[in-house]
Every structure is written in structure tokens, then in C-alpha cells.
Amino acid sequence: MNLNKIYFVSLQITALCLFITMAYMSSVCYKGSRRLTRNYILPTSRSCCLTNSKKPKPATTTDVPSYTSRVSLTNTSEQSRNLKWDQTRLMKKCQVQPNSLLGRFNITKYVTAAEVSNNQTNMKVKYGGVYRPSNCVSEQTVAIIIPYRDREEHLNILVNLLHNILQRQQLQYGIYVVEMALPVQFNRGLLANAGFLNAHSIGNYSCYIIHDVDLIPVNDHNIYKCGSSPKHLSVTNTKFPHGLPYPEYVGGVIALSHEQYIKVNGFSNLFFGWGGEDDDLYKRMEASSMIIERPPVHTGTYIALPHKMDSSNPPNPYRDVLMSQSALRKDRDGITSVQFSRKALEFRTLYTWMLIDCTESEVIQNVGHVKLTQETFMQGKHLEKQPLFNMKRVVKVVQRGKVEP
Ligand code: UDH
Ligand code: MN
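To start, this report covers the structure provided alongside it. (Residues numbered from 1 in each chain as written. Chains lettered and ligands numbered in written order. Predicted model: local features only at pLDDT ≥ 70, side-chain atom pairs only at ≥ 80, totals over all residues. Heavy atoms only, no water.)

### Let's talk about the overall build of the chain
Heads up, the rule is: Here a strand is any run of E in DSSP of at least two residues, a helix any run of H or I of at least four, and the numbering for each starts at the N terminus. The contact criterion used is simple: two residues touch if any of their non-hydrogen atoms lie within 4.5 Å. What sets the accessible areas is the Shrake-Rupley method with a 1.4 Å probe; for residues, cover comes only from the shown protein chains.
The helix and strand inventory of the chain stands at 14 helices and 11 strands. Looking at the chain alone, contacts between residues at least 24 apart form 80% of all its contacts between residues at least 6 apart. Split by element, the accessible area of the chain, about 21,700 Å² in all, is 57% carbon and sulfur.

Written as C-alpha cells, this is what we have:
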């Protein structure tokens with residue numbers, strides 16, 4: 001073999017090696033960027049090759065543009081889903097007290113149903129009354145639960161105003177109107193429990209605010225979020241202008257986190273008719289060693305829309321007796337034992353509406369209680385030992401996000 005031939009063959013071998021090396025390196029880059037797609041910023045192809053052996057750099061807000069432009073080159077649906085996911089993750093947190101808040105405001109005129117549906121602010125609300133800020137991530141997800149029957153005018157006014165306030169507060173939220181089917185007597189506690197279980201199943205919210213339909217907030221510094229303790233938001237209203245009617249009062253509007261709601265086992269289901277379920281809730285919270293947070297009086301202030309006593313919600317004559325056993329009954333009377341059927345569910349323009357039906361005797365039986373009548377009360381039947389309910393089973397159901405029944 002002459003020298004020229006040897007030189008030519010070795011040149012060919014060198015070129016082949018170079019080609020294999022380049023092909024290998026570009027494949028590493030490709031695999032590397034695929035692997036990084038979901039959790040990290042995509043590096044440029046050069047830096048990928050240079051830094052591939054190093055740990056990938058965690059994403060930061062300032063890194064977003066490079067990530068965005070890279071993905072737009074190959075716009076598969078999976079990548080655009082990842083993009084959305086990452087954009088949400090990388091967006092800044094919403095402010096605790098956003099600049100858009102007005103503080104105390106005056107309501108000169110209440111809206112009509114027609115005005116409510118035309119309102120521009122509400123255009124941003126999705127069907128079912130859910131909203132999420134577009135430019136920041138809300139720290140909590142909030143379900144507003146409104147126990148309801150036959151107060152349409154109040155409902156329009158409240159829902160319209162709540163959307164405005166909650167959007168100014170930069171919250172991610174959903175509004176749930178929980179209506180009780182006739183002819184059973186109204187039961188605010190049972191409706192709150194049914195609303196909690198359904199809203200949890202639909203939106204897995206972190207905070208639940210039980211809200212009377214006739215209380216209209218007039219100060220948006222009253223932030224609709226949960227705290228480390230249950231938060232009673234309606235400190236004063238036009239019916240009680242000077243503050244709480246009594247220190248233990250937690251009626252009207254109260255915010256409980258998912259954990260707090262489970263810890264107190266929600267509301268009692270036994271308060272059919274008017275009164276007592278809120279004082280019973282206070283006793284449950286006290287029995288769970290919780291303290292109640294409240295905003296200052298001038299912040300936690302509401303207009304109480306006037307109404308008469310409802311015919312399907314007469315005062316409950318046994319409310320004091322039931323309340324005297326609150327702490328004893330707490331673990332077997334609440335979300336662990338609530339008995340209802342959801343007759344309808346509609347995602348309406350400004351709220352999710354559901355119709356809840358129940359039978360008083362079944363509700364009471366499921367708690368393992370006796371129905372309090374003049375006769376059973378005189379016989380002291382309600383004081384007899386009642387069977388205990390299996391709390392663990394229902395907590396599991398709540399955690400799995402299923403609604404039972
Ligand atoms: N609720 C309804 N429909 C009813 C009953 C109650 O929607 O038929 C809901 C509603 O969310 C209401 C809440 O349950 O805000 C509390 O009930 P309520 O407003 O009847 O309770 P409140 O303590 O009424 O305000 C007291 C009786 C009013 C008599 C007033 C006389 N001046
Ligand atoms: Mn009222």
C-alpha cells in the first residue's frame with residue numbers, strides 16, 4: 001500500500017468518527033430537551049450540549065420568555081398543555097390586599113336581574129359562577145356556599161356584588177347556591193354540609209365560606225379567604241349596627257378551610273327550622289379548641305336586606321336542647337352522617353345551583369338520634385345513648401372527592 005492510499009483511508013476514518021460524534025451529540029440534545037419539557041426551562045441547543053451532565057436549572061419567572069418562544073416552534077397539543085401548566089406555575093402570586101380595592105363603598109341602588117346578566121364584570125365569570133384571575137395565581141381557592149330557598153331578589157343582589165368584590169380581591173372562586181326542595185322544613189346546617197361536599201367534589205376548594213343570602217358586604221377590605229382559624233366575616237350588619245349581638249355569635253358569613261370544616265365535622269344536620277345551627281357550630285369549634293378570627297368592626301360590615309320570617313322556616317323549639325349536646329354529638333352528626341339526595345345540578349351564568357332533598361326522619365335516624373317532639377322530649381329519649389357513626393369512612397370519602405350519597 002503506498003503512502004497516498006494510507007493517507008486517504010485515514011482521512012476517511014477521521015471524517016466518519018467526526019460524523020458519528022456529531023450525530024450522537026445532537027441526539028443527546030434532543031433527548032435532554034424532551035426530558036426537561038415539563039418542569040424546567042428549556043435550554044438552547046448549544047447550552048444543552050454544554051451543560052447536559054449538570055443538574056437542570058429550576059424555572060424562575062424571568063426565564064419564562066425563552067421557554068415560551070422555544071415551545072411555539074413545535075406546537076403539539078401536549079406541549080401547549082404543558083405551557084399552560086407551567087405559565088400558571090410561574091405566574092406571580094396575587095396580592096393579599098390588591099390596589100384595586102375600594103374599602104368601604106356605598107350602594108346607591110340595587111341591581112335588577114336584567115342588569116345582573118348584562119354586567120361587564122360578570123362577563124369574565126365562567127358558567128357555574130367560577131372565576132380565576134388571569135394575571136396572577138390566587139393563594140386559595142374559595143367556594144362561596146349560599147343556603148337558599150325562595151329569596152330570588154336577595155340572591156341577585158348578593159351574587160352580582162360578590163362577583164365584583166371577589167374579583168377586586170383577586171381570588172379564584174366559585175359560587176354555589178344550595179336550595180332545599182319543598183316541603184321539608186328549611187335546614188341551613190344540612191344545606192351547608194351538602195354544599196361543602198358537592199363543591200369539594202366539583203372544585204376541590206381549599207376554603208369554604210357559608211354565606212347568608214341577605215347579607216350584602218359593603219367593605220372590600222373584608223377579604224374572603226380562610227385563615228389559620230375559622231374566620232367570622234359578618235361582625236356587624238344593619239340589624240346589629242354596633243357589633244356582635246353576643247360574643248359567641250358566628251351566624252351570617254363564616255369562612256372555614258377544608259381542614260377546619262372536616263375537623264368540626266361541619267354543621268349539625270338536626271336543626272330543622274329557624275335558629276340554633278350557628279350557635280351549635282360555635283360549640284363544635286370550641287370543642288375542637290379553635291379560636292374565632294374576625295375582621296375589625298368597620299371592615300366586617302354588611303347590609304341586612306329586610307325580610308319576614310319564612311313560613312317554611314319556623315323557629316325550632318328544641319334548638320336549646322340540641323345545642324346543650326353539641327360537643328357530645330359532634331363526631332356523629334355532621335358531614336359524616338348527612339343524608340340527602342341531590343335532585344338537580346345546573347351550571348348557571350353566575351353560579352352553580354343545586355337542589356337538595358331530604359327526609360327529616362332519615363336525617364335524624366342516620367345521626368342515630370331520636371326526633372324531638374313534645375313526647376320524646378318529656379320522656380328524655382334524646383338523652384339515651386345513641387350509636388356512634390364511623391367517622392373514618394366519611395373523611396376518606398371527602399378526601400377522595402366523591403359525594404355520598
Ligand atoms: N334562608 C333562605 N330561605 C328561607 C330561610 C332561610 O334562603 O326560607 C337562608 C338564607 O340564606 C338566609 C339564611 O338562610 O339568609 C338565614 O335565615 P334567615 O335570614 O331567615 O335568618 P335571620 O336570622 O332571620 O336573618 C330572622 C327572622 C327574621 C324576622 C325578622 C323580623 N323583623
Ligand atoms: Mn336574614
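What follows picks up the thread again.
### Things to note about the nonpolar core
To be explicit about the condition: Among buried residues, those of type Ala, Val, Leu, Ile, Met, Phe, Trp, Tyr and Cys that are joined through side-chain atoms within 4.5 Å constitute a nonpolar core. Each residue gets one of three labels from its accessible area relative to the maximum for its type: buried under 20%, exposed over 50%, partly exposed in between, using a 1.4 Å probe on protein chains only.
Grouped together as the largest cluster of nonpolar side chains are 38 residues, with contacts concentrated most on Ile144, Ile146, Ile209 and Tyr224. Mapped by element, the contributors of at least two residues to this core are strand 2 (141-148), helix 6 (152-168), strand 3 (172-180), strand 4 (207-211), strand 5 (215-217), strand 8 (253-257), strand 9 (301-304) and strand 11 (352-357). Tyr224 has contacts with Val142, Ile144, Leu162, Leu166, Gln169, Leu171, Ile209, His211, Pro217, Leu233, Val253 and Tyr302, leaving out every residue within four places of it along the chain. Among the nonpolar cores identified, the runner-up in size contains 37 residues, and Met180, Tyr208, Val250 and Met354 belong to it.

### A word on the coordination of the manganese ion (ligand 2)
Heads up, the condition is: Distances up to 2.8 Å from the metal define which N, O and S atoms are donors, and 3.2 Å serves for Na, K and Ca; water is absent from the atom set, so sites may look incomplete.
The manganese ion (ligand 2) binds to the protein through Asp214 (OD) and His307 (NE2); the donor distances cover 1.9 to 2.2 Å. You can see Asp214 sitting in the loop between strand 4 and strand 5 and its partner His307 sitting in the loop between strand 9 and helix 10 (319-324), a full 93 residues away along the chain. Judged by its relative accessible area of 9%, Asp214 is buried. Classification of His307 by relative accessible area gives partly exposed; the value is 36%.

### A word on the packing of aromatic side chains
Just so we agree on the cut-off: Centres within 6.5 Å make a pair out of two Phe, Tyr or Trp rings, where for Trp the six-membered ring is used; the pair is then stacked when the planes are under 30 degrees apart, edge-to-face when over 60, and tilted otherwise. For a Lys NZ or an Arg CZ to count as sitting over a ring, it must be within 6 Å of the ring centre and within 35 degrees of the ring normal.
All chains considered together, the criterion is met by seven aromatic pairs. Residues Phe196 and Tyr261 carry aromatic rings whose centres are separated by 4.1 Å and whose planes lie at 5° to one another, so their mutual orientation is stacked. Taken together, the residues Phe196 in helix 7 (residues 188-203) and Tyr261 in helix 8 (residues 258-263) connect sequence positions 65 residues apart. A relative accessible area of 0% places Tyr261 in the buried class. Ring centres of Tyr246 and Tyr249 lie 5.6 Å apart, and the angle between their planes is 80°; this geometry places the pair in the edge-to-face category. Over the aromatic face of Phe105 sits the side chain of Arg168, whose NZ or CZ is 5.5 Å from the ring centroid. Over the aromatic face of Trp353 sits the side chain of Arg348, whose NZ or CZ is 4.3 Å from the ring centroid.

### A look at the environment of Met323
Within the secondary structure, Met323 sits in helix 10. Placed 41 residues apart in sequence, Met323 and Tyr282 show a C-alpha to C-alpha distance of 9.9 Å. Beyond its immediate sequence surroundings of up to four residues, Met323 is in contact with Phe271, Gly276, Asp279, Asp280 and Lys283.

### Focus: the site of ligand 1
The cut-off we apply is this: The nearness test applies per residue and asks whether one of its heavy atoms lies within 4 Å of the molecule or strand. Whenever two N or O atoms come within 3.5 Å, that pair is a polar contact, provided that in protein one can donate a hydrogen and the other can accept it, and provided that, for residues adjacent in sequence, both atoms are side-chain atoms.
In the neighbourhood of ligand 1, 14 residues make up the surrounding shell, with Pro147, Arg149, Arg151, Val213 and Asp214 lying closest. In the environment of ligand 1, an oxygen atom lies 3.0 Å from a nitrogen or oxygen atom belonging to the side chain of Arg151. A distance of 3.0 Å is found between an oxygen atom of ligand 1 and a side-chain nitrogen or oxygen belonging to Asp214. Contact with the protein chains covers 76% of the free accessible surface of ligand 1, which is 670 Å².

### Considering the environment of Leu355
With respect to the secondary-structure elements, Leu355 resides in strand 11. Among the residues examined, Leu355 registers a relative accessible area of 19% and is labelled buried. Note: C-alpha distance between Leu355 and Lys343 (12 residues apart in sequence) is 5.3 Å. For Leu355, the residues in contact, after removing those within four places along its chain, are Glu179, Met180, Ala181, Ser341, Arg342, Lys343 and Ala344.

### A closer look at the pairing of strand 8
Keep this limit in mind: A pair of strands is labelled paired if DSSP reports no fewer than 2 bridges between them.
Where burial is concerned, most of strand 8 is hidden: five out of the five residues are buried. With five bridges joining them, strand 4 and strand 8 adopt antiparallel strand pairing. Paired with Tyr208 across the strands is Leu256, a residue of strand 8. For strand 6 (residues 231-232) and strand 8, the ladder comprises two bridges, and the chain directions are antiparallel.

### Some points on the state of the cysteines
Definition in use: Disulfides are defined as pairs of cysteine sulfur atoms found within 2.5 Å of each other.
In total, this model carries two disulfides according to the counting rule given. There is a disulfide in this structure between Cys94 and Cys136, and the S-S distance comes to 2.1 Å. Disulfide Cys94-Cys136: the torsion about the S-S bond is 90°, which places it as right-handed. Of the two residues, Cys94 is situated in the loop between helix 4 (77-90) and helix 5 (113-118) and Cys136 in the loop between strand 1 (130-131) and strand 2; the sequence distance between them amounts to 42 residues. As far as the burial class goes, Cys94 and Cys136 line up, both buried. At a sulfur-sulfur separation of 2.1 Å, the disulfide partner of Cys207 is Cys226. Judged by the torsion about the S-S bond (80°), the Cys207/Cys226 disulfide is right-handed. A residue pair is termed long-range when its members are at least 10 positions apart, and Cys207 in strand 4 and Cys226 in the loop between strand 5 and strand 6 qualify at 19 residues.

### Comments concerning unusual backbone geometry
In this structure, Pro183 follows Leu182 across a cis peptide bond, with omega equal to 5°. Structurally, Pro183 can be placed in the loop between strand 3 and helix 7. Even without being glycine, Asn204 reaches a positive phi, approximately 45°. Structurally, the position occupied by Asn204 is in the loop between helix 7 and strand 4. Located in the positive-phi region is Asn265, a residue other than glycine, with phi close to 60°. One can find Asn265 in the loop between helix 8 and helix 9 (277-287). Relative accessible area serves as the criterion here: at 0%, Asn265 is assigned to the buried category.

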